[in-house]
Every structure is written in C-alpha cells, then in structure tokens.
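# Understanding the architecture of this molecule
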Amino acid sequence: PQLGLLVPELPNPHLDTLDGRYWLRLEWRALARALETRGTGRATAIADALAFRARRRALFPGAADSERRMEINEGLPQYTGTVVAAATRDAAITDARDQLARYESEPTLVRVFPYPSGAAYGLLLDEWTPGWTREISKDDDLAQRLAEAAHLSPSPDPDAAALRYGAADLRAAEAKRDVGQKARVAALR
C-alpha cells in the first residue's frame, strides 16, 4: 500500500477456457524462449509473446485490465521473490523458466497466471530498463512496458508465430482438457 501498488483485483474466468488457456500457454512458451536466448531470437520471442497476449485479450473484453491488475498485485511480488532468492541472475532466469513450465500443467490458470508471467516479464525488463521497479505504477502493464523499452511490436501473425511453439499439440491438449472440464461441470450441475 505504501508504494501505491495495491489495486482491487477482477476475476479472470477467461483463463479457464480453451482459447484463454491456449493463448496464455503460448505466451509463456515464448517468454521462456526469450529468457533463454539473446539477440534476434530474444526479440522474436518477445514479439511473439506480445502477439499471443494481444490475441487473448482481443478475444475476451476486459481481460487486459483484469490480467494487468493481478500481474501488479501478484506477479510483481513473484518477480521480486525470484530475484531475491536467486544467488545469480542466471539462477533467477532458470527459476523463471522453470516456473513457466511448471505452471503450464496447473488444472486452472485463473489465479496462478500472474506468478510465472510476472517473474518472466520482470527479468526481461531488467535487461532493457534497469531500475524499472522504482518507476512502476498500479496502472502499468508489464508487457507494455517491455514492448516500449525494447522497442518491439507484437508479431504480425499470431497464428503463424504459434507454430514455433508447438501450437498443434498444445491446441489438441487444451481441446481435450476443455471437453473433460465441460463434462465435469455438467455432471456437477
């Protein structure tokens, strides 16, 4: 509260849908690649992550604001914990990549999504804007800050970019999960 970063959260039920999960997991895969590469490969991966985020948010009205709020409330502290707990920058990057991979298998992403996203975007921001944490505000979007700092725009064709991250298998897995989830909800009703 003293930093002015405590914002009321909004729900993110879209992250329990087929398209919400699909585009979020693609974003995480692109962020993992950005953390493990340098130069043009890193720039391409960040642009892909931005494209996947933009596509998801275009599909779900209000998602940009509700996701942004949780990333400030939960993702920013996760980034801080990741950096403080790591002995070196490389260890922090390894941890952030592990978080991205580990959270992909969570049964629901509604409440957990800001943790790996916050750590990844924060570490990438460190590359372009050292000290960015002293300038962050409750109205900021971590991905937007990264796009501006790195002078990058989202990849122009998210569907084509998705092929670089195993889109077909991911889509099939999420479709299977969606069928099972709908069956469980129907049975409970």
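The structure under discussion appears in the preceding block.
Report follows, based on the coordinates. (Residues numbered from 1 in each chain as written. Predicted model: local features only at pLDDT ≥ 70, side-chain atom pairs only at ≥ 80, totals over all residues. Heavy atoms only, no water.)

### Regarding the packing of helix H2 (residues 39–59) against helix H5 (residues 114–128)
For any two helices packed against each other, the geometry comes down to the angle between their axes and how far apart the axes lie. Look at H2 against H5: their axes get within 13 Å of each other, and the N-to-C directions meet at 135°. The angle between H2 and H5 places the two elements in the oblique class. Like other packed secondary-structure pairs, H2 and H5 cross with a definite hand, here left-handed. Facing Arg42, Ile46, Ala49 and Arg53 of H2, the residues of H5 in contact are Tyr121, Leu124, Glu127 and Trp128. Tallied by class, the residues present in the contact of H2 with H5 amount to five nonpolar, no polar and three charged. (Axes fitted to C-alpha atoms, helices over the stretch in contact; angles between N-to-C directions. Helix = DSSP H or I, 4+ residues; strand = E, 2+ residues; numbered from the N terminus. Parallel < 35°, antiparallel > 145°, perpendicular 65-115°, else oblique. Left-handed = near helix turned anticlockwise from the far one by under 90°. Contact = heavy atoms within 4.5 Å. Nonpolar A, V, L, I, M, F, W, Y, C, P; charged D, E, K, R; others polar.)

### Focus: the environment of Glu74
As for its position among the elements, Glu74 is in helix H3 (residues 63–85). Between the C-alpha atoms of Glu74 and Gly166, which are 92 residues apart in sequence, the distance is 28 Å.

### Describing unusual backbone geometry
Positive phi is not limited to glycine here, since His151 has a value of about 55°. For His151, the location among the structural elements is in the loop between helix H6 (142–150) and helix H7 (158–162). The exposure class of His151 is exposed, given its relative accessible area of 72%. (Buried < 20%, exposed > 50% of the residue type's maximum accessible area, 1.4 Å probe, protein only.)

### Considering the pattern of salt bridges
Counted by the stated rule, this structure contains 27 salt bridges. Residues Asp19 and Arg171 are paired through a salt bridge, measuring 2.7 Å at the closest nitrogen-oxygen approach. One end of the pair, Asp19, is in helix H1 (residues 18–36); the other, Arg171, is in helix H8 (residues 167–188), with 152 residues separating them in the sequence. The partly exposed category is assigned to Asp19, whose relative accessible area is 27%. The class of Arg171 is partly exposed, set by a relative accessible area of 29%. Three or more residues joined by partner-sharing salt bridges are found here, namely Glu27, Arg53, Arg56, Arg57, Glu67, Glu71 and Asp141. (Salt bridge = Lys/Arg side-chain N within 4 Å of Asp/Glu carboxyl O.)

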